[in-house]
Each structure stands twice: as C-alpha cells, then as structure tokens.
Amino acid sequence: LPLAAQNAPKPKSPKESDALQKVLQAQQAQNWDGEIQAINYVLENFADTEYKTLLLSMAVDAAQAKGDYAQTIAFGEQTLQADPNNITARVTLAEDIAQHTRENDLDKEQSLKKVDDYANKSLELLKNASTPPPGMNPANWPDVQKLLTSQAHDALGQAAGLRKNYPNELTEFKAATDADPTNSVAFARLAKAYNDNKQYDDAIATADKVQGMANAPASVKTFAQQQKDLAAKSKSTATPK
C-alpha cells in the first residue's frame, strides 16, 4: 500500500461509516445546514473519529458557503485546535475577520491583530509546505499554494487599509496579485489601494484589468468599476503640482 493510503483515515464502525455518508450526501446536495448538523453528529457521537480535522475543515467551508460568519470563525478556531498547522483554516480566518472588520468597530485593533497573526503564520507555513495537506491531489497543490499565499497577503492588505497604512496596503495587495495573477478580488482591492495612495492612473489601469478577467464575479467587477470612477473623478479634481 502506498503510504498515503496506509495513513488515510478510516471509519471505526459501520455506524460511523453511515454517519459520514450523511455528511457527504448533505455536502453533495449543497444543504449546508444539513452538512453542519451531520458533521456535529459525527464529532459528538464518535469522539475518536480519524476524520475530525477533515470534518472541521468541511464545516468551515459549509459555514462560509451559507454566509454564517460566527459559525465560520468558530469552526475555523476548532480546526486549529485539532490541527495548529492547518493553513487553509488560518487563511480563511484571516480573510473572514478582515472582511467583517469595520473602521469604527470598538474592537477593531483586536480583530486586525488576529488577522495579522493568522495571515503571517499562514505565510510562514506556506513557505515550508512542500507536500499537500492530507486528502489533496498533489497535482493541485501548487495552484492551491499560490491562492492561499495570495489570500494571506490580501487579508494583510485589508488590515493595513483599515489602519489607514496606505503604503503597506499597496505592498500587500501587490504581493497578493503577484502570488496568484488569477485572484480577481485581490486585483480589485489593489485598485482601491492605488486610489488610497492617490495613484489614480494605476487605479484605472488595475480596474480595467479586473474587467478583462473572465473569472471575476460580477460583484468584483462592479467594485473595480467604482474604483475606476473614483480614480477618474479624483484625478480631475486633483490640483496639479
């Protein structure tokens, strides 16, 4: 048996196997609440399951898919308790906390410190991660690695922007787009960073780039267009030096 197959988790009983089937059925039906319920059932009834980390990671994805921020964070933190070096969970936590932090939050700095910690630790782990996480096809790992690196820098860029540290914001979003040139979200935020740094021509060029990206969701293109309009307006009202 190849090593991976030997180390692959296995259900310890037919009952556990049935419970795991219910998780997969819910996931395939995109019934996120049902999937989370089925995952919780396995974790509560089969305390020694070998699938704990995998199930918690799936719960993070399901919570994210249904847009439940509190649940995403809770499952993300549980995943890290079970597997402190879980890069995907760390990146998800960094990105989600950054996206849900607002300028006037009383606990803004506390949240941003978490973003920094999760994202920086992810980048450190990614540098040394030569093998994919268990259960991932090794052929897919280089692309996933690029995306995770990009998302970690993206989270740091959002944190810098919320702190009004605009030079740092620009540096991080550039790093995000360099790490994964297909990350349309990072490019749209890079356009915003150029605006924040009063580099309006760069903001316009970057926004145009997002419009040309086939994989960019409509909401991302809309955001990029807003940044382009803002840059054009700011440029026309900027006093010439």
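An account of the accompanying structure is given in this report. (Residues numbered from 1 in each chain as written. Predicted model: local features only at pLDDT ≥ 70, side-chain atom pairs only at ≥ 80, totals over all residues. Heavy atoms only, no water.)

So, about the overall build of the chain. A count of helices and strands for the chain gives twelve helices and zero strands. Reading the chain from its N end, one meets helices and strands in the order α-α-α-α-α-α-α-α-α-α-α-α. Dimensions along the principal axes, computed over C-alpha positions, put the chain at roughly 75 × 40 × 30 Å. For the chain, with 241 residues in total, the buried portion stands at 42%. Counting contacts in the chain only where the partners sit at least 6 residues apart, residues at least 24 apart contribute 56% of the total. (Helix = DSSP H or I, 4+ residues; strand = E, 2+ residues; numbered from the N terminus. Buried < 20%, exposed > 50% of the residue type's maximum accessible area, 1.4 Å probe, protein only. Contact = heavy atoms within 4.5 Å.)

Take the side chain of Glu172 next. Assignment of secondary structure puts Glu172 in helix α9 (residues 166-179). For the buried Glu172, no salt bridge exists, and the shortest N-O distance to an oppositely charged side chain is 9.1 Å, to Arg163. When near neighbours in sequence (up to four residues on either side) are disregarded, Glu172 contacts His153, Leu156 and Gly157. (Lys, Arg positive; Asp, Glu negative; His and termini not counted. Salt bridge = Lys/Arg side-chain N within 4 Å of Asp/Glu carboxyl O.)

Bringing the pattern of salt bridges into the picture now. Applying the stated criterion across every chain yields a total of 14 salt bridges. A salt bridge links Lys235 to Asp201; the nearest nitrogen and oxygen atoms lie 2.6 Å apart. Pair noted here: Lys235 is in helix α12 (residues 218-237) and Asp201 is in helix α11 (residues 200-211), with a separation of 34 residues, a long-range link. Taking the relative accessible area as the measure of exposure, Lys235 reaches 43% and is therefore partly exposed.

What follows concerns unusual backbone geometry. The phi angle of most residues is negative, glycine excepted, and most peptide bonds adopt the trans form. A positive phi angle, near 55°, is found at Gln30, a position not held by glycine. The backbone of Lys164 sits at a positive phi, close to 60°, despite the residue not being glycine. Tracing the backbone shows Lys164 in the loop between α8 (141-162) and α9.

Here helix α6 (residues 87-100) spans 20 Å end to end across 14 residues, near enough to the 20 Å set by a 1.5 Å rise per residue. For α6, the tally of buried residues reaches eleven of 14 residues, placing the bulk of the element in the interior. Along α6, the positions that sit buried rather than exposed are Ile87, Ala89, Arg90, Val91, Thr92, Leu93, Ala94, Glu95, Asp96, Ile97 and Ala98. Contact partners of the buried residues in α6: α4 (52-65), α5 (69-82), α7 (108-128), α8 and α10 (184-196). Two to three positions downstream of the cap, the backbone nitrogen of Thr88 sits 3.3 Å from a side-chain oxygen, assigning the N-cap of α6 to Asn86. (Expected span 1.5 Å × (residues − 1). Polar contact = N/O pair within 3.5 Å; in protein donor to acceptor, adjacent residues only side chain to side chain.)

With 14 residues, α9 extends 20 Å between its outermost C-alpha atoms, agreeing within 8% with the 20 Å of an ideal straight helix rising 1.5 Å per residue. Against the buried residues of α9 lie α8 and α10.

Once that is clear, we can look at the nonpolar core. Note that soluble globular proteins tend to have their nonpolar side chains buried in a common cluster. The biggest cluster of nonpolar side chains holds 24 residues, and the ones touching the most others in it are Ile87, Ala94, Val115, Tyr118, Trp141 and Leu148. At the level of secondary structure, the elements contributing two or more residues to this core comprise α5, α6, α7 and α8. Setting aside anything within four residues of it in sequence, one finds Trp141 in contact with Ile87, Leu126, Ala129, Ser130, Thr131, Pro132, Pro133, Met136 and Leu148. Counting 18 residues, the second-largest nonpolar core is a separate cluster that includes Ala191, Ala193, Tyr200 and Val210. (Core = buried A, V, L, I, M, F, W, Y, C linked by side-chain atoms within 4.5 Å.)

Let us look at the packing of aromatic side chains. One pass over the structure, following the stated rule, counts one aromatic pair. Taking the centre distance of 6.4 Å and the plane angle of 70° together, the rings of Tyr41 and Phe46 count as edge-to-face. Residue Phe46 is classed as buried on the basis of its relative accessible area, which comes to 14%. (Phe/Tyr/Trp six-rings, centres within 6.5 Å; stacked < 30°, edge-to-face > 60°.)

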